[in-house]
Amino acid sequence: MRIAVLGAGAIGKVHIRLLNKLGIEEPCFLCRTVESGQATAKYLHKEFGIRSNFYTCFDALVSNGLDGATVCLPTELHYEYLMKLLSSQIPVFCEKPLFWNKLDSRKDVTLKLKEISKFKEKILLVNTCNSCFIKTVKRHESVCEPIESFKFNFFTNGLNRYWDIGIDLLPHALSLLVELLGNCEIKNLKIDQVEYNRFFCSFCYDKAHVEFDLRESQDITKELSFIINGTEYKRLQETLNSNYRVSLKNLENGNQYYMQDPFEVYIQKFLDSCKNKCTSDIEDSLTNFNKMCEIIF
């Protein structure tokens, strides 16, 4: 299959590496300049032994046909390229958020969503891979019903500040919440703290009280953890003999569940969709984004 990565920055390089690991021998990518393309191709070959082709023109990239594309561009460019790809019948895997431009009003966002929704039964997946952690809990443990409380903590070394932290990390938080409780209405929303390095909000969701504590700082210790009805789970990441391993640990009983890297799971899901030409309802991919908009606006 011929799969392209649009944007070869930090996250784009991760896409290229995983695509290659999962069987795409020579991923191609779109970049801004010949110089940046040459530098990225050299880096990928030196660090991972990946041979890749780069383009600086979108039309040239798609001229020979694509079986799929992943969008890793700056968020203000997402909508433009989503429309180009979907209009060309090209399956899309998009980094979160689905799109975002600080100049857009709520009305602008609604109109853009309406345009995207016209592409019914096409392949559009959004990278909300952290929902895999809730799948792991459900697979291995009995979660007591009803779920009365859910708290999600995500601390990263990202460079976003104030409200931009919410735009960056809310899709992660919402992916777990929707996987846990489904598509429910957000009620009694409170944006309690929007600080330089922190975005904190709380609301009611189904029968649960929900809190999201999202932080970004170069000095912070990375953490992804969540608490369901008082039981805390924490993501653990380790490198063993050059192999990257992910696990989820129940901090109450000590049970630790090793799992495939959620990012890799979602890339494989996308490749399977491209290979089998199976369609997906775009509305399913818009749920997370709509809820983010509810909170941000």
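This is a predicted model, so every value here is computed, not measured.

Draft legend 1. Region of interest: the overall build of the protein. Secondary structure summary: the protein contains 9 helices and 14 strands in total. In terms of overall size, the protein behaves like a compact globule, its C-alpha atoms giving a radius of gyration of 19 Å where 297 residues would be expected to give roughly 19 Å. The principal-axis extent of the C-alpha atoms belonging to the protein is close to 55 × 50 × 40 Å. Residue burial in the protein is summarised as follows: out of 297 residues, 49% are buried. Sequence separation of 24 or more characterises 68% of the internal contacts of the protein that already satisfy a separation of 6 or more. When the accessible surface of the protein is split by element, carbon and sulfur atoms take 47% of a total near 14,500 Å².

Draft legend 2. Structural detail: the state of the cysteines. A full pass over the atoms with the stated rule returns 0 disulfides. Just so you know, Cys278 is unpaired, no disulfide at all, and the nearest cysteine sulfur is the one on Cys274, 8.4 Å from it. Since its relative accessible area comes to 32%, Cys278 is described here as partly exposed.

Draft legend 3. How the structure looks around the side chain of Ser247. Mapped onto the elements of the fold, Ser247 is located in strand E13 (residues 243-250). Side-chain polar atoms of Ser247 contact the side chain of Gln256, separated by 2.9 Å. Residue contacts for Ser247: discarding those within four places in its chain leaves Lys234, Arg235, Leu236, Gln256, Tyr257, Tyr258 and Met259.

Draft legend 4. Fine view of the environment of Cys129. Within the secondary structure, Cys129 sits in the loop between strand E6 (124-126) and helix H6 (131-140). The exposure class of Cys129 is buried, given its relative accessible area of 8%. On a C-alpha basis, the gap between Cys129 and Asp261 in space is 9.1 Å, while along the polypeptide they are 132 residues apart. Discounting chain neighbours no more than four positions away, the residues touching Cys129 are Pro262, Phe263 and Tyr266.

Draft legend 5. Layout of the nonpolar core. Formed by 93 residues in total, the largest nonpolar core has its most connected members in Leu98, Ile116, Phe150, Phe212 and Phe226. Looking at this core, the element that brings in the most residues is helix H7 (residues 163-181), giving 10 residues. With sequence-adjacent residues up to four places away left out, Leu98 is seen in contact with His78, Leu82, Leu113, Ile116, Leu124, Val126, Leu286 and Phe289.

Draft legend 6. Geometry of the environment of Lys269. Along the chain, the position of Lys269 falls in helix H8 (residues 262-276). Since its relative accessible area comes to 42%, Lys269 is described here as partly exposed.

Draft legend 7. Region of the structure containing the sheet that holds E6. Taken together, the 6 strands give an open sheet; going across it, the order is E3-E2-E1-E4-E5-E6, and neighbouring strands pair in parallel fashion. Each having just a single partner strand, strand E3 (53-55) and E6 make up the two edges of the open sheet. Ignoring which end each strand starts from, the neighbouring axes of this sheet average 20° apart. Along the sheet, H8 contacts strand E1 (3-6), strand E4 (68-71), strand E5 (92-94) and E6; its crossing angle with E5, the most-contacted strand, is approximately 160°.

Draft legend 8. Quick peek at the packing of aromatic side chains. Tallied over the entire structure, the rule returns 16 aromatic pairs. Summarising the aromatic geometry, the rings of Phe58 and Tyr81 are spaced 5.4 Å apart at their centres and angled 70° between planes, so their arrangement reads as edge-to-face. Of this pair, Phe58 sits in helix H3 (residues 58-62) while Tyr81 sits in helix H4 (residues 75-87), and the two are 23 residues apart along the sequence. In this pair, the class of Phe58 matches that of Tyr81, namely buried. A ring pair is formed by Phe152 and Phe212, whose centres lie 6.4 Å apart and whose planes are at 85°; its orientation type is edge-to-face. Taken together, the residues span a long stretch of sequence, with Phe152 in strand E7 (residues 149-156) and Phe212 in strand E10 (residues 208-216) at a distance of 60 residues. Residue Phe212 is classed as buried on the basis of its relative accessible area, which comes to 0%. Members of the aromatic cluster, connected to one another through ring pairs, are Tyr79, Phe99, Trp100, Phe289 and Phe297. A cation over an aromatic ring shows up here: Arg17 above the ring of Phe48, its NZ or CZ 5.9 Å from the ring centre. Here the guanidinium or amino end of Lys269 rests over the ring plane of Tyr266, the centre of that ring lying 5.2 Å away.

Draft legend 9. Structural detail: the pattern of salt bridges. Applying the stated criterion across every chain yields a total of 10 salt bridges. Two residues, Asp168 and Lys96, come together in a salt bridge whose shortest N-O distance is 2.6 Å. In this pair, Asp168 is assigned in helix H7 and Lys96 in the loop between E5 and helix H5 (106-117), connecting sequence segments 72 residues apart. Considered together, Asp168 and Lys96 belong to a single accessibility category, that of buried residues. Of the charged contacts, one joins Lys135 and Glu179 as a salt bridge, the two residues approaching to 3.2 Å between their closest N and O atoms. Of the two residues, Lys135 sits in helix H6 while Glu179 sits in helix H7, which places them 44 residues apart along the sequence. Under the relative-accessibility criterion, Glu179 is labelled partly exposed at 25%. Through salt bridges with shared partners, one network takes in Arg198, Asp213 and Arg215.

Quick notes on the rules
- Residues numbered from 1 in each chain as written.
- Predicted model: local features only at pLDDT ≥ 70, side-chain atom pairs only at ≥ 80, totals over all residues.
- Heavy atoms only, no water.
- Helix = DSSP H or I, 4+ residues; strand = E, 2+ residues; numbered from the N terminus.
- Rg over C-alpha atoms; globule rule 2.2 N^0.38 Å.
- Buried < 20%, exposed > 50% of the residue type's maximum accessible area, 1.4 Å probe, protein only.
- Contact = heavy atoms within 4.5 Å.
- Areas by Shrake-Rupley, 256 points an atom, 1.4 Å probe, with all protein chains shown as cover.
- Disulfide = S-S within 2.5 Å.
- Polar contact = N/O pair within 3.5 Å; in protein donor to acceptor, adjacent residues only side chain to side chain.
- Core = buried A, V, L, I, M, F, W, Y, C linked by side-chain atoms within 4.5 Å.
- Pairing = 2+ DSSP bridges.
- Axes fitted to C-alpha atoms, helices over the stretch in contact; angles between N-to-C directions.
- Phe/Tyr/Trp six-rings, centres within 6.5 Å; stacked < 30°, edge-to-face > 60°.
- Lys NZ or Arg CZ within 6 Å of the ring centre and 35° of its normal.
- Salt bridge = Lys/Arg side-chain N within 4 Å of Asp/Glu carboxyl O.

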